[in-house]
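Analysis of the macromolecular model
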Amino acid sequence: MLNKFWTFLIMVAIILAFWRSQPEVITQSVLDSTSASVKYAFELIGLMAFWLGVMNVAQKAGLVDLLAKIVQPLTRHIFPSLPKDHPALGFIVLNISANILGLGNAATPFGLKAMEEMQKCNNRKDTASDAMITFLVVNTSCIVIIPATIIGIRYAAGSAAPAEIVMTTFLATCVGMISALFLDSLVRRWKNRGDRTW
Amino acid sequence: MVAVISALSDWAIPTMILLIFGAAIIRHVNIYEAFIEGAEQGFQLAVHLIPYFLAMMVAIGVFRASGAMEILTILLKPITDFLQIPSDILPLAILRPLSGGGALGVSTELINTFGPDSFIGRLASTMQGSSDTTFFVLTLYFGSVGISHYRHAMILGLAADLITFLASIFFVRLFFGY
């Protein structure tokens, strides 16, 4: 699916640029976006190295396993396919908590570590497992308490009440996250009907 | 309320590091060696992810630069008019799951053009704050473990984005009385 979509985006863009006889916009945006992506990745290198370093200490101290055990009553229902005290659960909780608190920079390394742990008990290594899909759907539709960036932009634009959108944002994300969990469990049940081996 | 939560975010990271190192001292973990070992993994992972970032950002970049986004907005106009969604917000709704930087640019522009306390300004703020770069997150996370078959992850993620988008419109109308 990604293959088709990715190719589609680029083909449409090039054909459109030719049709408008502005081929230079393609060349320019390739230059801009390639350097932007490497810059982004370089910023991520330091953060990833630091947080995965700290997390390795946490894991060796047994904290990730402990966290997975504590949240087990909740995660057992959301991630039925993972063993009940799987280390991925600890990282999933860290990732979601960081997202809710608006600590996006810390959230990414936890999330990637969760994926790595889930991949260990995935039977088909090139295909997303049920647990991975649930995690990513929850991750991308996660509840937001403080949309810090946008509050800053509103403040800069001279808003009378920059933080007044906190409530609407919180409620919209609640609806989004609950719907995501509901849709995910619906699809999972439907796809796995009659199949008890998962 | 806002101040409390904001302070909580500031304290969260240092407190977490303190707790982790404290527990590690009690358990006699060699903290420095464990840190280096993990950091090395993090370094490799970040480098491994560069092609995924690059592929996604180039595709979205050329798509936007070519003017395809404007055409998509015109094509979707009948649907959004029927649902009484203001057409000014549509480029943001389309861009939000695809490109974090791009969406932030568009929402900043909307806030500044229409004013932060207008309907469009509040709606753009809520939408920008409530949704994530779904497409990018999926590419990155699946890419990191070498998964190429996403199954129903993409469609579910985008469906959740659509629901969040509609919920944003509903709550902004409800709270600010439009």
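Residues numbered from 1 in each chain as written. Chains lettered and ligands numbered in written order. Predicted model: local features only at pLDDT ≥ 70, side-chain atom pairs only at ≥ 80, totals over all residues. Heavy atoms only, no water.

What to know about the overall build of chain A
Here is the rule: Strands are runs of DSSP state E lasting at least two residues, helices are runs of H or I lasting at least four, and both sets are numbered from the N terminus onward. For this measure, only C-alpha atoms enter the radius of gyration; the expected value for a globule follows 2.2 Å times N^0.38, where N is the number of residues. For each residue, the accessible area found with a 1.4 Å probe, counting protein chains only, is set against the maximum for its type, and the residue is called buried under 20%, exposed over 50%, and partly exposed in between. Note on contacts: a residue pair is in contact if any heavy atoms of the two residues lie within 4.5 Å. Each accessible area is a Shrake-Rupley result for a 1.4 Å probe, and residues are judged covered by the shown protein chains and nothing else. None of His or the chain ends enter the tally, which takes Lys and Arg as positive and Asp and Glu as negative. Charged side chains are reduced to one point each, which is NZ for Lys, CZ for Arg, CG for Asp and CD for Glu.
Within chain A, the secondary structure is distributed over 9 helices and 0 strands. Taken over C-alpha atoms, the radius of gyration comes to 21 Å for chain A, far larger than the 16 Å a tight globule of 198 residues would show. Principal-axis analysis of the C-alpha atoms gives chain A an extent of 60 × 45 × 35 Å. The buried share of chain A, reckoned over its 198 residues, is 50%. Taking the contacts inside chain A whose residues are at least 6 apart along the sequence as the reference set, 56% of them involve residues at least 24 apart. When the accessible surface of chain A is summed, it comes to about 9600 Å², and 66% of that surface belongs to carbon and sulfur atoms. Between the averaged position of the 17 positive side-chain charges in chain A and that of its 12 negative side-chain charges there is a distance of 7 Å.

Overview of the packing of helix 2 (residues 24-60) of chain A against helix 6 (residues 104-120) of chain A
All names here are of chain A. Selection criterion: Axis definition: a line fitted to C-alpha atoms, limited for helices to the stretch in contact. Angles are taken between N-to-C directions and run from 0 to 180 degrees. With respect to orientation, any angle under 35 degrees is reported as roughly parallel, any angle over 145 as roughly antiparallel, any angle of 65 to 115 as roughly perpendicular, and every other angle as oblique. Crossing handedness follows the turn of the near helix against the far one: under a right angle anticlockwise gives a left-handed crossing, and clockwise gives a right-handed one. As a working rule, the residues Ala, Val, Leu, Ile, Met, Phe, Trp, Tyr, Cys and Pro are called nonpolar, Asp, Glu, Lys and Arg charged, and the rest polar, with Gly in that last group.
Look at helix 2 against helix 6: their axes get within 9 Å of each other, and the N-to-C directions meet at 60°. When the axis of helix 2 is compared with that of helix 6, the two are oblique. In terms of crossing hand, the pair formed by helix 2 and helix 6 is right-handed. For the pair formed by helix 2 and helix 6, the contact residues are Leu47, Met48, Trp51, Leu52, Met55 and Gln59 on the first element and Asn105, Ala106, Pro109, Phe110, Leu112, Lys113 and Glu117 on the second. Within the contact of helix 2 with helix 6, the residues separate by chemical class into 9 nonpolar, 2 polar and 2 charged.

Notes on the packing of aromatic side chains
Under the convention used in this document: The criterion for an aromatic pair is that two Phe, Tyr or Trp rings (for Trp, the six-membered ring) have centres within 6.5 Å, with stacked assigned to planes under 30 degrees apart, edge-to-face to planes over 60 apart and tilted to the rest. Whether a charge sits over a ring depends on NZ of Lys or CZ of Arg being within 6 Å of the ring centre and within 35 degrees of the ring normal.
Applying the stated criterion across every chain, the model contains 8 aromatic pairs over all chains. Considering the side-chain rings of phenylalanine 50 of chain A and tryptophan 51 of chain A, the 5.3 Å spacing of their centres and the 80° angle between planes classify their relative orientation as edge-to-face. On the basis of relative accessibility, which here comes to 32%, the residue phenylalanine 50 of chain A falls in the partly exposed class. When the centroid spacing of 5.7 Å and the interplanar angle of 75° are considered together, the rings of tryptophan 51 of chain A and phenylalanine 110 of chain A count as edge-to-face. Note that tryptophan 51 of chain A is positioned in helix 2 and phenylalanine 110 of chain A in helix 6, a separation of 59 residues in sequence. Tryptophan 51 of chain A sits in the buried class, given a relative accessible area of 4%. Owing to a relative accessible area of 1%, phenylalanine 110 of chain A belongs among the buried residues under this scheme. Here the aromatic cluster, defined as three or more aromatic residues joined through ring pairs, consists of Phe50, Trp51 and Phe110 of chain A together with Phe35 of chain B. The aromatic ring of phenylalanine 176 of chain B is capped on one face by arginine 122 of chain B, whose charged end is 4.1 Å from the ring centroid.

Concerning the nonpolar core
The condition is simple: For the purposes of this section, nonpolar cores are sets of buried Ala, Val, Leu, Ile, Met, Phe, Trp, Tyr and Cys residues that join through side-chain atoms within 4.5 Å. For each domain, the first and last residues come from an automatic or database assignment.
Ile92, Met115, Met118 and Phe135 of chain A together with Ile89 and Phe142 of chain B are the most contacted members of the largest nonpolar core, which has 105 residues in total. Both of domain 1 (2-43) and domain 2 (50-176) of chain B provide at least three residues apiece to this core. When residues no more than four places from it in sequence are discounted, the contact partners of isoleucine 92 of chain A are Phe79, Leu82, Ala114, Met118 and Phe135 of chain A.

Overview of the domain arrangement of chain B
By domain assignment, chain B separates into domain 1 (2-43) and domain 2 (50-176). Each of domain 1 of chain B and domain 2 of chain B has a C-alpha centre, and the two are 33 Å apart.

Quick notes on the interface of chain B and chain A
What counts here: Buried area is a sum: the accessible area each of two parts loses on coming together, probed at 1.4 Å, counted once for each and added. Every case where a carboxyl oxygen of Asp or Glu lies within 4 Å of a side-chain nitrogen of Lys or Arg is listed as a salt bridge. Polar contacts, as counted here, are pairs of nitrogen or oxygen atoms within 3.5 Å of one another; within protein the pair requires one atom able to donate a hydrogen and one able to accept it, and residues that are adjacent in sequence qualify only if both atoms are side-chain atoms.
Taken residue by residue, the interface counts 94 residues in chain B and 99 residues in chain A. The contact between chain B and chain A buries some 8000 Å² in all, and 78% of this surface belongs to carbon and sulfur atoms. Linking chain B with chain A are 4 salt bridges. Here glutamate 164 of chain A ties to arginine 122 of chain B by a salt bridge, and the two come within 2.6 Å at their closest N and O atoms. Our count for the contact surface shared by chain B and chain A stands at 20 residue pairs in polar contact (both at pLDDT 80 or more). If one sorts the elements of the side of chain B that touches chain A by residue count, helix 9 (residues 153-176) of chain B sits on top with 15 residues. In the side of chain B that touches chain A, the residues fall into 61 nonpolar, 26 polar and 7 charged.

Examining the pattern of salt bridges
Tallying each qualifying case throughout the model produces 9 salt bridges over all chains. Lysine 60 of chain A serves as the salt-bridge partner of glutamate 37 of chain B, at 3.0 Å between the closest nitrogen and oxygen. Of this pair, glutamate 37 of chain B sits in helix 2 (residues 31-48) while lysine 60 of chain A sits in helix 2, each in a different chain. Glutamate 117 of chain A is paired through a salt bridge with lysine 120 of chain A; the nearest N and O atoms lie 3.3 Å apart. Highlighted residues: glutamate 117 of chain A and lysine 120 of chain A, both in helix 6, separated by 3 residues, approximately one helical turn. Take glutamate 117 of chain A: its relative accessible area is 5%, and that puts it in the buried class.

Structural notes on the environment of valine 187 of chain A
Along the chain, the position of valine 187 of chain A falls in helix 9 (residues 166-191). For the pair valine 187 of chain A and aspartate 130 of chain A, spaced 57 residues apart in the sequence, the C-alpha separation amounts to 9.9 Å. Apart from residues no more than four positions distant in its own chain, valine 187 of chain A is found in contact with His152 and Leu156 of chain B.

Side note on unusual backbone geometry
If a residue is not glycine, its phi is most likely negative; likewise, a peptide bond is most likely trans. Even without glycine at this site, serine 21 of chain A takes up a positive phi of about 45°. Topologically, serine 21 of chain A is positioned in the loop between helix 1 (2-19) and helix 2.

Considerations on the packing of helix 7 (residues 130-140) of chain A against helix 8 (residues 134-144) of chain B
Two elements in contact, helix 7 of chain A and helix 8 of chain B, have axes separated by 10 Å at closest approach and are oriented at 145°. Handedness of the helix 7 of chain A/helix 8 of chain B crossing: right-handed. Seen from helix 7 of chain A, the contacting residues are Met132, Phe135, Leu136, Asn139 and Thr140 of chain A; seen from helix 8 of chain B, they are Thr134, Val137, Leu138, Tyr141 and Phe142 of chain B. When grouped by side-chain class, the residues that make up the contact of helix 7 of chain A with helix 8 of chain B number 7 nonpolar, 3 polar and no charged.

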